[in-house]
Amino acid sequence: MTAQRPSLATQVSRAVLWNTLFAPLRLLAEVVATLVKLNQLSQAGFGLITLVRGASNLFGTALDLGIARALPKYIPETERIGGARAARRLFLLVTTLQLAILVIIAIGLIVAHRQIEGYLQGLLRGDMTVEAVARAELSQFVAEFHWLIIGAIIILLGLGALYDLLMAVLSSFFRQKAWNSIALVAGLLPQILVVVAILALPDRWDILGVLIAMVIAPAIAVALAGWQVWRLQAGLTEEPAPGILTDLCDSLRDLRRVLPPGFVRYAGVSYVMTATDFIASFEFINFFNSDIRDVSLLAAGALLVRMALSYLYTPLVGVQVPLFTRVRQGEGGTTNGAYQSLIRLQLLLMAPGGVGLMLLAGPGLLVISPQYLDATPIVWVLTPCLFGESMLTTAHNALMVNERLGTVLTARLVALLTVVMLGFWLPAQFGLLGMALTFGLARIAAGLWATLAGMRGLGLRWPWRFTLRVSIATALMGLVVAILRNLIALPAGDVDLMTRLGLALQLLLLAGAGALIFLVALRLVGGLEPADRDQVLKWRLPFRSVIRRLI
């Protein structure tokens, strides 16, 4: 007798719970590594590492072509129709295509090596009154090792592309144990190696060590993924397959037969999504800064907001698309019901979390690294933009699942158009804050377009009553936290480690008090929806009786 399958709500609840318990491990590694980089590297050094990573993502976006997002859909279909060899030929074809593009990009970077060195030197000469010694040392490093910087970018490009393709294959065949294990290694290892390089090497060589660590970590991840895919391919092949070169030649000889119907269209839409997502990011906007300190400040502010958002979003990781998919397949509920449940959960997390982050940004940056205190206004600007976008793009996921690709494409083009229009005006008027607003508002514009389209096309409705209750509770929390924050004496001048730890403890206590005030205020104005309350109480959480009283 077949065991009864758990309800959709129960499956989603379990996913939320497991995400909440285990996903923070990777986030914790990123937080620790970021803290070490901000404190142990000079602002110029952190800015250079940020630009190297940004350049890798920039060219990686050009290299991707939307293939990594398309493979999990088309490899299973190809394998089911044509067998393991057909899936293998598709993988070899797209890998060869990306390798050819990588060679072109590498040649371009090598030819332009003098321009790249000149660009970096120009950033280091911007404001010589700030970190003059560190800038001079870094300028000498760039002059001596700019070839190494270019090489690191090229290697990161190749490894990143191969990693995405291999992980897409594992995901296609539901090798989730292997996929999650490798993803955990790929998330933790770079952070660990970067921390070791920074702490173990002398100041003169720390940037070199970070570059080497940035290459070694993905190489190990690619090796692990490649081994798993090799085992998978061996298990799928029922008879000896021709050599790789034979399959590749056959693929190139008849592209139409190898590429599944609809592959190019699907990959094209995915590519537009990836490209516009990168363009509306601090990594892309940072290339238009004229001083390395501005690069580091924008990156520090954006990373703080992104880390806070990632932590608050943890319960929803990997939940939205499967939930909308199963609703569409008729497993229970409606698309609008699922949408409203997701929005209510995000409001519960994002609204008080965002307000708390804005109120405590200044003292928080003082704890993290006093030299980045000037990034506080960037946090104020980006928090409402990125937190708001996180909620608005829930409709985007519903549209994707329901295959409204034209609407999704339009939303992405709205983001691109917003970046172009605002990019000519906001940075000129407001400097670094204008740059932050440029990509922040672009993300909001795309999210608004997707949400309005979801309301028209899918009948989605925003939970306004719950939004009002959360807003009132958040306002009360914000008022109390702002008053209590003013009672904390912020140190002036040089801040030693013990002072920062003491301030961190006060901020943690204040954040905990704020969370408690929010929950009590929310309960007084109506609390959770009955269905949401019942579902939360089903979770196997500690202190369940306390939680029951609060909600």
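Because the structure is a prediction, the values reported are computed rather than measured.

J.: Which residues make up a nonpolar patch on the surface, and what values do they have?
T.: On the surface, a nonpolar cluster with roughly 620 Å² of combined accessible area is contributed by Leu 468, Ile 472, Leu 476, Leu 516, Val 520, Leu 524 and Val 525. Listing elements by their share of the nonpolar patch, those giving two or more residues are helix 22 (464–485) and helix 23 (497–524). Of note, Val 520 is situated in helix 23.

J.: Just give me the short version of the nonpolar core, but keep the residues and values in it.
T.: Core analysis: the biggest nonpolar cluster contains 79 residues, and Leu 298 and Leu 382 have the highest contact counts within it. The dominant element in this core, judged by the number of residues it contributes, is helix 16 (residues 335–368), at 14 residues. Setting aside residues up to four positions removed in sequence, Leu 298 forms contacts with Phe 282, Ile 285, Asn 286, Asn 289, Ile 378, Leu 432, Met 435, Ala 436 and Phe 439.

J.: Report on the environment of Arg 88, specifying residues and quantitative values.
T.: Its location among the elements puts Arg 88 in helix 5 (residues 84–111). Since its relative accessible area comes to 17%, Arg 88 is described here as buried. In this structure the C-alpha to C-alpha distance between Arg 88 and Val 169, which are 81 residues apart in sequence, comes to 9.8 Å.

J.: Give me the lowdown on helix 22, citing residues and values where you can.
T.: Quick reminder: α-helices carry 3.6 residues per turn. Residues three or four places apart thus point the same way. For helix 22, with 22 residues, the first-to-last C-alpha span of 30 Å sits near the 32 Å given by 1.5 Å per residue. All of the buried residues in helix 22 are Phe 466, Thr 467, Arg 469, Val 470, Ala 473, Thr 474, Met 477, Gly 478 and Val 481. Where helix 22 is buried, its residues touch helix 16 and helix 23.

J.: Summarise the packing of helix 14 (residues 292–313) against helix 21 (residues 432–458); cite the residues concerned and give the values.
T.: Interaxial distance between helix 14 and helix 21 falls to 11 Å at its minimum, and their mutual angle equals 45 degrees. Taken together, the axes of helix 14 and helix 21 lie oblique to each other. Viewed along their axes, helix 14 and helix 21 form a crossing whose handedness is right-handed. Contacts between helix 14 and helix 21 involve Asp 294, Leu 297 and Leu 298 on the former and, on the latter, Leu 432, Met 435, Ala 436 and Phe 439. Its residues assigned to classes, the contact of helix 14 with helix 21 comprises six nonpolar, no polar and one charged.

What counts, and where the lines are drawn
- Residues numbered from 1 in each chain as written.
- Predicted model: local features only at pLDDT ≥ 70, side-chain atom pairs only at ≥ 80, totals over all residues.
- Heavy atoms only, no water.
- Patch = residues over 30% accessible without salt bridge, like charges linked within 9 Å, V, L, I, M, F, W, Y side chains within 5 Å.
- Areas by Shrake-Rupley, 256 points an atom, 1.4 Å probe, with all protein chains shown as cover.
- Salt bridge = Lys/Arg side-chain N within 4 Å of Asp/Glu carboxyl O.
- Helix = DSSP H or I, 4+ residues; strand = E, 2+ residues; numbered from the N terminus.
- Core = buried A, V, L, I, M, F, W, Y, C linked by side-chain atoms within 4.5 Å.
- Buried < 20%, exposed > 50% of the residue type's maximum accessible area, 1.4 Å probe, protein only.
- Contact = heavy atoms within 4.5 Å.
- Expected span 1.5 Å × (residues − 1).
- Axes fitted to C-alpha atoms, helices over the stretch in contact; angles between N-to-C directions.
- Parallel < 35°, antiparallel > 145°, perpendicular 65-115°, else oblique.
- Left-handed = near helix turned anticlockwise from the far one by under 90°.
- Nonpolar A, V, L, I, M, F, W, Y, C, P; charged D, E, K, R; others polar.

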